[in-house]
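Each chain, written out:
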Amino acid sequence: MGCGRMSLALLLLLFLASCSLLQGTLLRPWRMRLEARNFHVWLCWEPDPSLPSSATYEVEWRNRTSNWTKAGACGRNSRNSQGCELYFDRIHDIYWARVRVVAGGEQSEWASSSELQLYRDTIVGPPKLSFLLQDQTLSVNITTPLTPYRRRTGSYKRVNQVLLKLWYWLHLYEGDLLVQQVPCKRRSEEVPCTFGHLKPSTQYCVRTMAADIARERSQEAERCLVTPAAPSGARTLTNSAGMVASQALLTAQTCVEVFFMAPCCAECLLPPAAAPKCGRILLHVAACLSQSCRDVPPKSIGSPEERAECDHAGASTPA
């Protein structure tokens, strides 16, 4: 055998040694995801399915100016997927996280996440919608989810109190038809979050989505309602008003038709019910006082009784 060549037995021995070492090596987690929803941060990953049930994980995080910091105890651990909730207090800063497996006194390599900026990357919503229906007007109140950030009083802030640019579009649907849309900006009193002129006994649905935020980063909320039927008194009043309007139109039509049929003797041609309403107007026509009803064609005057009254009226009219 020349120099530089290994015997077959030595190659086999090295191969068996490498296999033994690989079998004892812990594989690092994969499919790392650093996500935020309403400023709640989660680091998620998927483990090697061959890991023993006693395996645990170490999680660390950092921002642009800090060193790696060990996170506290991680929850949501299971055999198929793992996750760890983190707390980042600077919404404009950029963060990273990493995780590794610990089992049997050994450690895997670190698996690192991509960067996360809460102000830019957090998923918003969905908000909670509440309704107040008065007459034909629907007022909509939007309540955003809670964040992990506290006020000085100890209560948690809502998303719109942290993400100050947040506002919503409200869409009102009747079935699949978009009938109204309004902007809802809680910091502005000029544009109320209301819909007007709703129909009775109709189902409407209100849908909302955060404005000026990418669609994949906002979760839509939807709530529906059915408007009550119109009160019976309102329907009676509407019908009465319609009858009055129809009677007024009929009276006006009668006056016009009578005036053009027989302008010389208008009061004779008016029906008894209509004469008090429009006869006074027609009598002001001077031509009526200077002509006789006999000049009017009989078919325009009406019944024999009406023509007789016209004959009497014409005879008593001064020439």
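It should be emphasised that the depicted structure is a prediction, and the values quoted were computed from it without experimental measurement. Along each chain, residues carry numbers from 1 onward, in the same order as the chain's sequence is written. Given that the model is predicted, a residue must reach a pLDDT of at least 70 before its local features are reported, and side-chain atom pairs must reach 80 or more before they are shown or counted; all residues, however, enter totals for whole chains, interfaces and linings. Calculation of side-chain values draws on the structure's entire complement of heavy atoms; hydrogens and water are dropped beforehand.

## Considering a positive patch on the surface
1) Next: Each patch is built from residues that are more than 30% exposed by relative accessible area and take part in no salt bridge. Like charges join if they lie within 9 Å; nonpolar side chains (Val, Leu, Ile, Met, Phe, Trp, Tyr) join within 5 Å. Throughout, the Shrake-Rupley method with a 1.4 Å probe supplies accessible areas, and for residues the shown protein chains are the sole cover considered. We count a salt bridge whenever a side-chain nitrogen from Lys or Arg sits within 4 Å of a carboxyl oxygen from Asp or Glu. When charges are tallied, Lys and Arg are placed among the positive residues and Asp and Glu among the negative ones, while His and the ends of the chain are skipped. By convention, the point assigned to a charge is CZ for Arg, NZ for Lys, CD for Glu and CG for Asp. Residues Lys128, Arg151, Arg158 and Arg223 make up a contiguous surface patch of positive charge.
2) Next: Of note, Arg158 is situated in strand S13 (residues 156-158).
3) Next: The exposure class assigned to Arg158 is partly exposed, which follows from its relative accessible area of 31%. To qualify as a helix, a DSSP run of H or I must reach at least 4 residues; to qualify as a strand, a run of E must reach at least 2; elements of each kind are numbered from the N terminus. When a residue's accessible area, from a 1.4 Å probe over protein chains only, is under 20% of the maximum for its type it is buried; when over 50% it is exposed; and in between it is partly exposed.

## A short note on the sheet that holds strand S10 (residues 128-134)
1) Next: Within the open sheet, the three strands sit side by side as S10-S11-S16. Their pairing is antiparallel. Every interior strand has two partners, whereas the edge strands, S10 and strand S16 (194-195), have only one.
2) Next: When DSSP finds two or more bridges between a pair of strands, those strands are recorded as paired. Examined bridge by bridge, strand S11 (residues 137-143) and S16 share two bridges and lie antiparallel to one another. Among the inter-strand pairings, Leu138 is bridged to a residue of S16, identified as Phe195.

## Thoughts on the state of the cysteines
1) Next: Criterion for a disulfide: a pair of cysteine sulfur atoms within 2.5 Å. Summed over all chains, the structure comprises two disulfides.
2) Next: A disulfide bridge connects Cys184 with Cys193, and the sulfur atoms are separated by 1.8 Å. Taking the sign of the S-S torsion, 90 degrees for the link of Cys184 and Cys193, the bridge is right-handed.
3) Next: Residue classification places Cys184 among the buried residues on the basis of a relative accessible area of 2%.
4) Next: Here Cys205 engages in a disulfide with Cys224; their sulfurs sit 1.9 Å apart. Measuring the twist about the S-S bond at about 100 degrees, one finds the Cys205-Cys224 disulfide to be right-handed. A residue pair is termed long-range when its members are at least 10 positions apart, and Cys205 in strand S17 (residues 203-210) and Cys224 in strand S18 (residues 221-226) qualify at 19 residues.
5) Next: Judged by relative accessible area, Cys205 falls into the buried class, the value being 11%.
6) Next: Of all cysteine sulfurs in the structure, the one in Cys84 sits closest to Cys44, which takes part in no disulfide; the separation is 9.4 Å.

## Some words on the pattern of salt bridges
Opposite charge on two side chains allows them to pair when their charged atoms are near.
1) Next: Applying the stated criterion across every chain, the model contains ten salt bridges.
2) Next: Where Glu115 meets Arg120, a salt bridge forms, and the shortest distance between an N and an O atom there is 3.3 Å.
3) Next: Here Glu222 and Arg207 are joined by a salt bridge, their closest N and O atoms 3.3 Å apart. Linking Glu222 in strand S18 with Arg207 in strand S17, this pair joins segments that are 15 residues apart in sequence.
4) Next: Overall, Arg207 belongs to the partly exposed group, its relative accessible area being 23%.
5) Next: A cluster of three or more residues bridged by salt bridges with shared partners is formed by Arg64, Arg90 and Asp93.

## Focus: the nonpolar core
1) Next: In this structure, Leu43, Leu86, Leu118, Leu170 and Phe195 are the most contacted members of the largest nonpolar core, which totals 49 residues.
2) Next: Top element by residues in this core is strand S6 (residues 94-103). It accounts for five residues.
3) Next: When checking whether two residues touch, look at their non-hydrogen atoms; a contact exists if any pair is within 4.5 Å. Excluding residues within four positions of it along the chain, Leu86 makes contact with Leu34, Val41, Leu43, Val59, Trp61, Ala71 and Ala97. To form a nonpolar core, buried Ala, Val, Leu, Ile, Met, Phe, Trp, Tyr and Cys residues must be joined to one another through side-chain atoms within 4.5 Å.

## Remarks on the pairing of S10
1) Next: Pairing of S10 with S11, which is carried by seven bridges, proceeds in the antiparallel orientation. In the sheet register, Leu129 faces S11, and the bridge partner there is Ile142.
2) Next: Hairpin connection between S10 and S11: a loop of two residues separates the two successive antiparallel strands, and Asp135 in this loop has a positive phi of roughly 55 degrees.

## Thoughts on the sheet that holds S17
1) Next: Ordered by their spatial adjacency, four strands build an open sheet running S15-S14-S17-S18, and the pairing between neighbours is antiparallel. Strand pairing shows two members of the sheet lacking a second neighbour, strand S15 (177-184) and S18, which therefore form its edges. The average angle at which neighbouring strand axes cross in this sheet is 20 degrees, direction not considered.
2) Next: In the sheet, strand S14 (residues 168-174) pairs with S17 via six bridges, with the strands oriented antiparallel. In the strand pairing of S17, His171 is matched with Arg207. The axes used here are C-alpha line fits, helices contributing only the stretch in contact, and every angle between their N-to-C directions lies in the interval 0 to 180 degrees.

## Quick word on unusual backbone geometry
1) Next: Cis geometry marks the peptide bond from Gly125 to Pro126; its omega dihedral reads 0 degrees.
2) Next: Locating Pro126 in the fold gives a position in the loop between helix H2 (118-121) and S10.
3) Next: The backbone of Phe39 sits at a positive phi, close to 75 degrees, despite the residue not being glycine.
4) Next: Looking at where Phe39 falls in the secondary structure, it is placed in the loop between strand S1 (30-37) and strand S2 (40-46).
5) Next: By relative accessible area, which is 1% here, Phe39 ends up buried.
6) Next: One non-glycine residue, Ser201, lies in positive phi territory at about 50 degrees.
7) Next: Within the secondary structure, Ser201 is located in the loop between S16 and S17.

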